[in-house]
Amino acid sequence: MTRRDFFKEAFAALGFSALPGGFLFAAPEGWKPEKKPNLEFGVLSDTHLRTRHGPTGKPGLNWPHKYFRNALEYFKLRGVDAVINCGDMAHRGQVEELQYHANVWNRVFGRNGGPVKLFVCGNHDTDGAEYGNFVASKYPDPKERAKHVLATDMAANWERIWGEKYEPVWHKEVKGYHFFGRHQRVDDGELVRLVNE
(Lines give C-alpha, C1' and ligand atoms only; values in the text may rest on other atoms or scores of the structure.)
Protein backbone atom coordinates (compact mmCIF):
# COMPACT_ATOMS: atom_id res chain seq x y z
CA MET A 1 0.00 0.00 0.00
CA THR A 2 1.28 3.48 -0.73
CA ARG A 3 1.52 6.16 1.92
CA ARG A 4 -1.29 8.03 0.15
CA ASP A 5 -3.55 4.96 0.39
CA PHE A 6 -2.58 4.51 4.02
CA PHE A 7 -3.51 8.09 4.90
CA LYS A 8 -6.80 7.91 2.96
CA GLU A 9 -7.80 4.83 4.90
CA ALA A 10 -6.52 6.29 8.16
CA PHE A 11 -8.64 9.41 7.69
CA ALA A 12 -11.64 7.25 6.84
CA ALA A 13 -11.09 5.32 10.06
CA LEU A 14 -10.73 8.59 11.93
CA GLY A 15 -14.21 9.49 10.70
CA PHE A 16 -15.55 6.45 12.53
CA SER A 17 -14.10 7.83 15.74
CA ALA A 18 -16.85 10.45 15.74
CA LEU A 19 -19.34 7.67 16.40
CA PRO A 20 -20.48 7.07 19.99
CA GLY A 21 -17.97 5.10 22.00
CA GLY A 22 -14.83 7.15 21.43
CA PHE A 23 -11.82 6.56 19.27
CA LEU A 24 -11.74 3.50 17.07
CA PHE A 25 -8.14 2.55 17.89
CA ALA A 26 -8.00 3.68 21.54
CA ALA A 27 -7.35 1.11 24.23
CA PRO A 28 -9.17 1.57 27.54
CA GLU A 29 -7.27 3.65 30.07
CA GLY A 30 -4.77 1.57 32.02
CA TRP A 31 -4.95 -1.37 29.57
CA LYS A 32 -1.87 -3.56 29.29
CA PRO A 33 -1.36 -6.69 27.21
CA GLU A 34 -1.72 -9.93 29.13
CA LYS A 35 1.71 -11.08 28.05
CA LYS A 36 4.75 -9.72 26.23
CA PRO A 37 4.05 -9.30 22.52
CA ASN A 38 5.80 -11.70 20.14
CA LEU A 39 7.22 -8.78 18.18
CA GLU A 40 7.57 -5.06 18.81
CA PHE A 41 8.68 -2.61 16.15
CA GLY A 42 8.88 1.13 15.75
CA VAL A 43 7.75 2.92 12.61
CA LEU A 44 9.14 6.15 11.17
CA SER A 45 8.37 7.96 7.96
CA ASP A 46 9.20 11.24 6.28
CA THR A 47 11.89 12.47 8.65
CA HIS A 48 13.21 14.75 5.85
CA LEU A 49 16.52 15.76 7.43
CA ARG A 50 18.18 18.56 5.46
CA THR A 51 21.50 20.25 4.93
CA ARG A 52 22.15 23.96 5.16
CA HIS A 53 22.50 26.00 2.02
CA GLY A 54 26.08 26.16 0.84
CA PRO A 55 28.70 23.41 1.02
CA THR A 56 28.87 23.32 4.84
CA GLY A 57 27.87 19.69 5.32
CA LYS A 58 25.96 20.80 8.43
CA PRO A 59 22.31 20.03 9.22
CA GLY A 60 19.66 22.58 8.33
CA LEU A 61 18.98 24.95 11.21
CA ASN A 62 15.22 24.45 11.11
CA TRP A 63 15.39 20.67 10.76
CA PRO A 64 16.86 19.41 14.03
CA HIS A 65 17.78 15.79 14.48
CA LYS A 66 16.36 15.68 17.99
CA TYR A 67 12.96 14.31 16.92
CA PHE A 68 14.54 11.45 15.04
CA ARG A 69 16.93 10.81 17.94
CA ASN A 70 14.07 10.94 20.47
CA ALA A 71 12.12 8.35 18.48
CA LEU A 72 15.12 6.03 18.34
CA GLU A 73 15.79 6.47 22.05
CA TYR A 74 12.17 5.60 22.76
CA PHE A 75 12.43 2.52 20.56
CA LYS A 76 15.59 1.54 22.43
CA LEU A 77 13.85 2.02 25.78
CA ARG A 78 10.99 -0.19 24.57
CA GLY A 79 13.45 -2.83 23.36
CA VAL A 80 11.90 -3.03 19.89
CA ASP A 81 12.94 -5.89 17.65
CA ALA A 82 12.93 -3.83 14.44
CA VAL A 83 12.58 -0.29 13.16
CA ILE A 84 10.69 0.41 9.95
CA ASN A 85 11.52 3.59 8.03
CA CYS A 86 9.05 4.15 5.19
CA GLY A 87 11.31 6.56 3.31
CA ASP A 88 11.94 10.23 2.65
CA MET A 89 14.87 10.36 5.02
CA ALA A 90 17.00 12.62 2.79
CA HIS A 91 14.83 15.61 1.91
CA ARG A 92 16.91 16.71 -1.06
CA GLY A 93 18.31 13.31 -1.93
CA GLN A 94 21.79 14.17 -0.68
CA VAL A 95 24.33 11.72 0.68
CA GLU A 96 24.86 13.91 3.73
CA GLU A 97 21.17 13.83 4.64
CA LEU A 98 21.07 10.04 4.73
CA GLN A 99 24.38 10.07 6.61
CA TYR A 100 22.75 12.25 9.31
CA HIS A 101 20.30 9.40 9.96
CA ALA A 102 23.10 6.86 10.25
CA ASN A 103 25.03 9.17 12.59
CA VAL A 104 22.06 9.43 14.94
CA TRP A 105 21.37 5.68 14.69
CA ASN A 106 24.99 4.93 15.54
CA ARG A 107 24.92 7.25 18.56
CA VAL A 108 21.81 5.52 19.90
CA PHE A 109 22.44 1.88 18.94
CA GLY A 110 26.06 1.66 17.77
CA ARG A 111 27.09 1.05 14.17
CA ASN A 112 26.55 -2.69 14.24
CA GLY A 113 23.95 -2.81 16.97
CA GLY A 114 20.33 -2.16 17.58
CA PRO A 115 17.13 -3.56 16.15
CA VAL A 116 16.76 -4.89 12.62
CA LYS A 117 16.59 -2.05 10.09
CA LEU A 118 13.62 -2.36 7.75
CA PHE A 119 14.29 0.74 5.64
CA VAL A 120 13.18 1.76 2.17
CA CYS A 121 13.90 4.82 0.06
CA GLY A 122 11.10 7.24 -0.74
CA ASN A 123 10.80 9.69 -3.61
CA HIS A 124 12.86 12.36 -1.83
CA ASP A 125 15.71 9.91 -1.25
CA THR A 126 15.85 8.95 -4.92
CA ASP A 127 14.65 12.11 -6.68
CA GLY A 128 14.97 14.92 -4.12
CA ALA A 129 18.12 16.39 -5.67
CA GLU A 130 15.98 17.24 -8.72
CA TYR A 131 13.32 19.10 -6.70
CA GLY A 132 13.91 22.82 -7.14
CA ASN A 133 17.32 24.34 -7.66
CA PHE A 134 18.79 23.73 -4.20
CA VAL A 135 21.35 21.00 -4.94
CA ALA A 136 22.35 22.43 -8.33
CA SER A 137 22.97 25.85 -6.76
CA LYS A 138 24.88 24.29 -3.87
CA TYR A 139 27.08 22.23 -6.20
CA PRO A 140 27.16 23.96 -9.61
CA ASP A 141 29.84 21.62 -10.95
CA PRO A 142 28.04 18.44 -12.17
CA LYS A 143 30.94 16.15 -11.20
CA GLU A 144 31.03 17.54 -7.66
CA ARG A 145 27.23 17.44 -7.43
CA ALA A 146 27.19 13.76 -8.39
CA LYS A 147 29.33 12.97 -5.32
CA HIS A 148 26.61 14.40 -3.07
CA VAL A 149 23.51 12.92 -4.73
CA LEU A 150 22.36 9.57 -3.36
CA ALA A 151 20.85 8.43 -6.65
CA THR A 152 24.19 8.76 -8.44
CA ASP A 153 25.05 5.37 -6.93
CA MET A 154 22.37 4.42 -4.43
CA ALA A 155 23.78 0.93 -3.86
CA ALA A 156 27.30 2.13 -2.98
CA ASN A 157 26.03 5.04 -0.86
CA TRP A 158 23.55 2.85 1.00
CA GLU A 159 26.16 0.18 1.75
CA ARG A 160 28.74 2.73 2.93
CA ILE A 161 26.25 4.65 5.09
CA TRP A 162 24.25 1.77 6.59
CA GLY A 163 26.85 -0.98 6.44
CA GLU A 164 24.48 -3.36 4.71
CA LYS A 165 23.88 -4.35 1.11
CA TYR A 166 21.37 -2.30 -0.85
CA GLU A 167 18.74 -4.53 -2.41
CA PRO A 168 16.04 -2.95 -4.62
CA VAL A 169 13.52 -5.32 -3.04
CA TRP A 170 14.22 -7.24 0.12
CA HIS A 171 12.87 -9.83 2.52
CA LYS A 172 13.86 -9.92 6.17
CA GLU A 173 12.65 -12.22 8.87
CA VAL A 174 12.35 -10.89 12.42
CA LYS A 175 11.44 -13.37 15.15
CA GLY A 176 9.56 -15.52 12.66
CA TYR A 177 7.66 -12.62 11.06
CA HIS A 178 8.30 -11.80 7.42
CA PHE A 179 8.82 -8.26 6.13
CA PHE A 180 9.18 -7.21 2.51
CA GLY A 181 10.41 -3.87 1.22
CA ARG A 182 10.59 -2.11 -2.14
CA HIS A 183 12.60 1.03 -2.68
CA GLN A 184 11.32 3.96 -4.73
CA ARG A 185 11.98 3.70 -8.49
CA VAL A 186 11.76 -0.10 -8.32
CA ASP A 187 9.01 -1.78 -10.34
CA ASP A 188 6.23 -3.37 -8.29
CA GLY A 189 6.74 -6.54 -10.32
CA GLU A 190 10.09 -7.04 -8.61
CA LEU A 191 8.41 -7.15 -5.23
CA VAL A 192 5.73 -9.52 -6.53
CA ARG A 193 8.45 -11.82 -7.86
CA LEU A 194 10.24 -11.81 -4.50
CA VAL A 195 7.05 -12.51 -2.52
CA ASN A 196 6.14 -15.34 -4.88
CA GLU A 197 9.61 -16.86 -4.42
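Below: a short report on this structure. As the structure is a prediction and not an experimental result, all values here were calculated from the model.

Quick look at the packing of aromatic side chains
As enumerated under the stated definition, the model contains eight aromatic pairs in all. On the numbers, 5.7 Å between centres and 85° between planes, the contact of phenylalanine 41 with phenylalanine 179 is edge-to-face. Linking phenylalanine 41 in strand β1 (residues 41–44) with phenylalanine 179 in strand β5 (residues 177–182), this pair joins segments that are 138 residues apart in sequence. Judged by its relative accessible area of 13%, phenylalanine 179 falls in the buried class. Measuring from centroid to centroid gives 4.5 Å for tryptophan 105 and phenylalanine 109, while their planes differ by 50°, and the two rings are tilted. Of the two residues, tryptophan 105 and phenylalanine 109 are both situated in helix α3 (residues 95–109); the distance of four residues between them amounts to about one turn of the helix. We classify tryptophan 105 as buried; its relative accessible area is 0%.

Things to note about the pattern of salt bridges
All told, the structure shown has eleven salt bridges when counted by the stated rule. Linking glutamate 73 and arginine 69 is a salt bridge whose minimum nitrogen-to-oxygen distance equals 3.8 Å. Highlighted residues: glutamate 73 and arginine 69, both in helix α2 (residues 66–78), separated by four residues, approximately one helical turn. Across the pair arginine 185 and glutamate 130 runs a salt bridge whose closest N-O atoms are separated by 3.7 Å.

Some thoughts on the nonpolar core
Core analysis: the largest hydrophobic core is formed by 24 residues, its most contacted members being Leu72, Trp158 and Trp162. Those elements giving two or more residues to this core turn out to be α2, α3 and α7 (154–162). Looking at this core element by element, the count peaks at seven residues for α3. Not counting the four nearest positions on each side in its chain, tryptophan 158 is found in contact with Met89, Leu98, Phe119, Cys121, Gly163, Glu164, Lys165, Tyr166 and His183. Of all hydrophobic cores here, the second largest spans eight residues; its members include Ile84, Leu118, Trp170 and Val174.

Considering the sheet that holds strand β3 (residues 116–119)
Strand order in the open sheet formed by three strands is β1-β2-β3, and the pairing between neighbours is parallel. Every interior strand has two partners, whereas the edge strands, β1 and β3, have only one. Neighbour-to-neighbour, the strand axes of this sheet turn through a mean angle of 15°, independent of strand direction. Contacts from α2 reach β1 and β2 (82–85), with the element oriented near 170° to β1.

The rules we used
Residues numbered from 1 in each chain as written. Predicted model: local features only at pLDDT ≥ 70, side-chain atom pairs only at ≥ 80, totals over all residues. Heavy atoms only, no water. Phe/Tyr/Trp six-rings, centres within 6.5 Å; stacked < 30°, edge-to-face > 60°. Helix = DSSP H or I, 4+ residues; strand = E, 2+ residues; numbered from the N terminus. Buried < 20%, exposed > 50% of the residue type's maximum accessible area, 1.4 Å probe, protein only. Salt bridge = Lys/Arg side-chain N within 4 Å of Asp/Glu carboxyl O. Core = buried A, V, L, I, M, F, W, Y, C linked by side-chain atoms within 4.5 Å. Contact = heavy atoms within 4.5 Å. Pairing = 2+ DSSP bridges. Axes fitted to C-alpha atoms, helices over the stretch in contact; angles between N-to-C directions.

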